[in-house]
Amino acid sequence: MIATHRFGIDSLLAHAGTGQDPVYGSVTTPIYQTVTFQHRGDALGTYDYSRTRNPTRSALEEALTRLEGGAGARVFASGMAAITALFLLLHQGDHILLTDDLYGGTYRVLTDYLGHLGLDFDFVDTRDPQEVERHWRGTTRMLFVETPSNPVLRISDIRALAALAHRHDARLVVDNTFMTFYRQRPLELGADIVVYSATKYLAGHNDVLAGALVARGPEDAERLGEVANGTGGVLGPLDAYLTLRGLKTLGLRLTRQEENARRVARALADHPAVARVYYPELEPEANARHRRQAGGPGGMVSFVLRDPGRVAAVMDRLQLVLPAVSLGGTESLITHPYSETHRELPEPLRRRLGIVPGLLRLSAGVEDPDDLIWDLRQALA
Ligand SMILES: *Cc1c(COP(=O)(O)O)cnc(C)c1O
């Protein structure tokens with residue numbers, strides 16, 4: 001009899017993509033850098049054309065399906081390609097409700113492109129399910145949530161929003177880029193589809209753009225495969241390999257990034273030049289909601305300078321933390337959401353969301369925590 005055992009998530013991560021080479025037994029997943037696959041006679045094999053399926057991409061999709069606990073996953077050339085494919089599940093006239101302080105690119109793909117093709121959408125404060133209910137329409141087919149949100153880390157209740165969406169026969173989609181399945185498991189909390197910018201924590205090294213969609217149900221999984229193949233924004237073999245490689249150390253990186261973020265958040269909260277720090281653990285009410293659905297506070301910290309006029313000087317003086325957009329990689333990065341990631345949002349909306357000129361967003365890397373704190377203190381001095 002063969003012994004059975006459920007492997008833990010760290011074991012699944014370390015072995016992501018192994019056992020994919022039937023010819024030589026290569027431990028890492030080979031990079032199948034090919035467009036097409038030779039077949040015998042007129043019968044196509046498992047693989048025929050790489051837009052439809054490619055073995056390196058399939059290995060990543062299978063790993064993500066298993067890690068997230070879904071029915072199927074599809075990976076794309078970027079998070080935005082994944083989000084665009086997701087919205088193509090809808091039809092003209094369908095309405096989407098979205099978290100109001102969400103990623104700027106998601107806001108833009110709707111306002112600048114898909115809105116013109118007839119998708120309707122509204123942005124709401126998804127922290128309050130009653131507010132979501134008030135904006136619900138007969139045509140609302142999807143609720144799209146980011147929690148923690150970007151950049152001020154507001155927390156929405158995934159279970160409550162899943163119940164609400166399902167009462168109306170609509171899908172709940174969670175952009176889980178900030179937490180990853182290592183810390184937050186939306187499908188188990190009732191979400192239908194999970195979205196990733198795999199560019200961030202999943203790949204984790206600031207060296208590859210990638211996106212992913214993971215579906216809870218087989219029908220959505222199948223449909224996403226058709227959309228991916230039909231529209232073609234799929235991930236290339238080399239980038240799928242790099243994402244698999246990054247994935248192996250996700251648990252190690254995120255644990256360290258979280259510890260660094262926690263230490264930085266505490267140091268900033270005590271600093272006289274800082275008016276406010278946003279970090280789940282520092283806000284009791286939001287943290288209680290977050291703790292009911294997530295296993296840790298994450299590696300992102302936002303903070304507001306007392307003097308917004310010093311933003312550029314502080315960023316210039318940093319010696320270790322790099323001023324750059326993006327997040328989730330091994331190097332700590334700092335951005336100015338007001339002028340960078342969230343500049344597309346109208347001014348009144350930015351103000352209402354707390355995206356003020358003095359706000360800075362830090363993505364903790366895996367450096368020595370004392371060095372990060374030293375660097376921020378000397379730049380703020
Ligand atoms: C970066 C990001 C995206 C977009 O992903 P790309 O890989 O840059 O296209 C979507 N959602 C969130 C929360 C992000 O941080």
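Residues numbered from 1 in each chain as written. Predicted model: local features only at pLDDT ≥ 70, side-chain atom pairs only at ≥ 80, totals over all residues. Heavy atoms only, no water.

Draft legend 1. Examining the sheet that holds strand 12 (residues 359–363) more closely. Taken together, five strands build an open sheet; the order of strands is 8-9-12-11-10 and the sheet is mixed. With partners counted over all chains shown, the strands left at the sheet margins are strand 8 (274–278) and strand 10 (322–323), one partner each. Pairing of strand 8 with strand 9 (residues 300–305), which is carried by four bridges, proceeds in the antiparallel orientation. What sits directly across from Tyr-278, in strand 9, is Ser-302. Along the sheet, helix 9 (residues 250–269) makes contact with strand 8, strand 9 and strand 12, crossing strand 9 at roughly 15°. (Pairing = 2+ DSSP bridges. Helix = DSSP H or I, 4+ residues; strand = E, 2+ residues; numbered from the N terminus. Contact = heavy atoms within 4.5 Å. Axes fitted to C-alpha atoms, helices over the stretch in contact; angles between N-to-C directions.)

Draft legend 2. Up close: empty space enclosed by the protein. The tally for this structure, following the rule as stated, stands at two cavities of 30 Å³ or more. The calculated volume of the largest cavity comes to roughly 40 Å³. Mapped by element, the contributors of at least two residues to the lining of the largest cavity are helix 9 and helix 13 (369–380). Tallied by class, the residues present in the lining of the largest cavity amount to five nonpolar, one polar and one charged. In this structure, the second largest cavity encloses a volume near 30 Å³. Taken together, Pro-148, Leu-153, Phe-178, Met-179, Pro-280, Pro-297, Gly-298 and Met-300 make up the full set of residues lining the second largest cavity. Both domains that meet at the lining of the second largest cavity, namely domain 1 (9–247) and domain 2 (250–380), each give it at least three residues. (1 Å grid on protein atoms, 1.4 Å probe; cavity = no way out; pocket = protein on both sides within 12 Å on 5 of 7 lines; lining within 4 Å. Points joined across faces, edges and corners; volume = space filled by probe spheres on them. Nonpolar A, V, L, I, M, F, W, Y, C, P; charged D, E, K, R; others polar. Domains from an automatic or database assignment.)

Draft legend 3. Seen up close, the side chain of Thr-29. As for its position among the elements, Thr-29 is in the loop between helix 1 (9–14) and helix 2 (55–68). Here Thr-29 falls in the buried class, since its relative accessible area comes to 5%. A polar contact is formed between the side chain of Thr-29 and the backbone oxygen of Gly-17, at a distance of 2.5 Å. Look past the residues within four positions of Thr-29 in its chain and what remains in contact with it is Gly-17, Thr-18, Gln-20, Thr-56, Ala-59, Tyr-241 and Leu-244. (Buried < 20%, exposed > 50% of the residue type's maximum accessible area, 1.4 Å probe, protein only. Polar contact = N/O pair within 3.5 Å; in protein donor to acceptor, adjacent residues only side chain to side chain.)

Draft legend 4. Structural detail: the packing of aromatic side chains. For the coordinates displayed, the defined rule picks out five aromatic pairs. On the basis of an interplanar angle of 35° and a centroid distance of 5.6 Å, the ring pair of Phe-37 and Tyr-47 is categorised as tilted. Here the residue Phe-37 occupies a position in the loop between helix 1 and helix 2, and Tyr-47 occupies one in the loop between helix 1 and helix 2, the gap between them amounting to 10 residues. Ring geometry for Tyr-107 against Phe-123: centres 5.0 Å apart, planes inclined by 35°, an arrangement best described as tilted. Here Phe-123 lies in strand 3 (residues 120–124) and Tyr-107 lies in helix 4 (residues 104–114), a separation of 16 residues in the sequence. Look at Phe-123 and you get partly exposed, because its relative accessible area is 21%. The ring of Tyr-338 has Arg-350 lying over it, and the distance from NZ or CZ to the ring centre is 4.3 Å. (Phe/Tyr/Trp six-rings, centres within 6.5 Å; stacked < 30°, edge-to-face > 60°. Lys NZ or Arg CZ within 6 Å of the ring centre and 35° of its normal.)

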